[in-house]
Amino acid sequence: DQQVKQNSPSLSVQEGRISILNCDYTNSMFDYFLWYKKYPAEGPTFLISISSIKDKNEDGRFTVFLNKSAKHLSLHIVPSQPGDSAVYFCAANSDRGGGATNKLIFGTGTLLAVQP
Amino acid sequence: DTEVTQTPKHLVMGMTNKKSLKCEQHMGHRAMYWYKQKAKKPPELMFVYSYEKLSINESVPSRFSPECPNSSLLNLHLHALQPEDSALYLCASSERAGRSSYEQYFGPGTRLTVT
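These lines cover the structure that appears in this document, whether it is placed above or below.

Criteria and cut-off values
Residues numbered from 1 in each chain as written. Chains lettered and ligands numbered in written order. Predicted model: local features only at pLDDT ≥ 70, side-chain atom pairs only at ≥ 80, totals over all residues. Heavy atoms only, no water. Phe/Tyr/Trp six-rings, centres within 6.5 Å; stacked < 30°, edge-to-face > 60°. Buried < 20%, exposed > 50% of the residue type's maximum accessible area, 1.4 Å probe, protein only. Disulfide = S-S within 2.5 Å. Helix = DSSP H or I, 4+ residues; strand = E, 2+ residues; numbered from the N terminus. Pairing = 2+ DSSP bridges. Contact = heavy atoms within 4.5 Å. Buried area = accessible area lost by both parts, 1.4 Å probe. Salt bridge = Lys/Arg side-chain N within 4 Å of Asp/Glu carboxyl O. Polar contact = N/O pair within 3.5 Å; in protein donor to acceptor, adjacent residues only side chain to side chain.

## Brief notes about the packing of aromatic side chains
All names here are of chain A.
Okay, step 1: All told, the structure shown has 13 aromatic pairs over all chains when counted by the stated rule.
Okay, step 2: The interplanar angle of 45° and the centroid separation of 4.7 Å between the aromatic rings of Tyr25 and Phe33 together place this pair among those described as tilted. Take Tyr25 and Phe33: they sit in the same class, and that class is buried.
Okay, step 3: Look at Tyr36 and Phe106: their rings are 5.7 Å apart centre to centre, the planes differ by 50°, and that puts the pair in the tilted class.

The structure is reproduced here in structure tokens:
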């Protein structure tokens, strides 16, 4: 049961254009979402996050949008740069309350290739 | 400093060997995690330590044995592994484990090959 889905396994974009990576989720209990970037043979690097009480969070070239009613989030990168080429994972966390340990659920990843 | 370090970077071991993976963070984080990642798959949670106590074990086989000697260190002891256990093993830490808003920071991983 894949609770977090990234339906596009790969995306190719020209340098300078916008990259839009999408993520869908099924669990309405998720209350925090994160995007990670991963280069081959390295660990994921935290990029940007958003709480479910917001619909947008921006950090430099990266903006994450959350549509709770559609259970959909997206990561916009503008302008895209060749160094952005990597696998991007979205992840979701749910507050299980009572101080219980929370768990990140990762999507399957999207390989972004930014062409010079 | 948001660095999580892991040693070794690569490990090749036979099915009868005993080895250990090590992870260290000096961010004052009180939650530490072990993940396993196979090629072209997302990271899968194995264990969570919160305040040096095992908080989550995701039904991991007993041939994987975690240990948290102190708040900065996390080990994963390996014994009698199978070839299908070959994967990238990632360590992560977060400020706390009890609130969903705490981002997890990952180490570079140990690439494990079981022969």
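## Remarks on the state of the cysteines
Here is the idea: a disulfide is a covalent bond, and it sits between the sulfur atoms of two cysteines.
Okay, step 1: For the structure on display, the rule yields two disulfides over all chains.
Okay, step 2: There is a disulfide in this structure between Cys23(A) and Cys90(A), and the S-S distance comes to 1.9 Å. Measuring the twist about the S-S bond at about 60°, one finds the Cys23(A)-Cys90(A) disulfide to be right-handed. In this pair, Cys23(A) sits in strand β3 (residues 19-25) while Cys90(A) sits in strand β9 (residues 86-94), placing the two residues 67 residues apart along the sequence.
Okay, step 3: There is a disulfide in this structure between Cys23(B) and Cys91(B), and the S-S distance comes to 1.8 Å. One disulfide, between Cys23(B) and Cys91(B), carries an S-S torsion of -70° and so falls in the left-handed class. Of this pair, Cys23(B) sits in strand β3 (residues 18-25) while Cys91(B) sits in strand β9 (residues 87-94), placing them 68 residues apart in sequence.
Okay, step 4: Overall, the relative accessible area of 0% leaves Cys91(B) in the buried class.
Okay, step 5: With no disulfide of its own, Cys68(B) lies 9.3 Å from the sulfur of Cys91(B), the closest cysteine sulfur.

## Here we look at the sheet that holds β3(A)
Residue and element names in this part refer to chain A.
Okay, step 1: The five strands are arranged β1-β3-β8-β7-β6 in an open sheet whose pairing can be described as antiparallel. Each end of this open sheet is capped by a strand with a single partner; those strands are β1 (4-5) and β6 (56-59).
Okay, step 2: Relative to strand β8 (residues 72-77), strand β7 (residues 62-67) runs antiparallel, the two sharing six bridges. Within the sheet, the bridge partner assigned to Leu66 lies in β8 and is Leu73.

## Quick notes on the interface of chain A and chain B
Okay, step 1: Taken together, the contact pairs 25 residues of chain A with 25 residues of chain B.
Okay, step 2: Here chain A and chain B share an interface that buries about 1,800 Å² over both sides, 57% of which is from carbon and sulfur atoms.
Okay, step 3: When the buried surface of chain A facing chain B is broken down by residue, Thr101(A), Lys103(A) and Phe106(A) rank first, second and third, together holding 26% of it.
Okay, step 4: At the junction of chain A and chain B, the tally comes to one salt bridge.
Okay, step 5: A salt bridge links Glu58(B) to Lys103(A), with the nearest nitrogen and oxygen atoms 3.0 Å apart.
Okay, step 6: Across the contact surface, chain A and chain B share five residue pairs in polar contact (both at pLDDT 80 or more).

The quantities given are spatial measurements derived from coordinates; they are silent on function.
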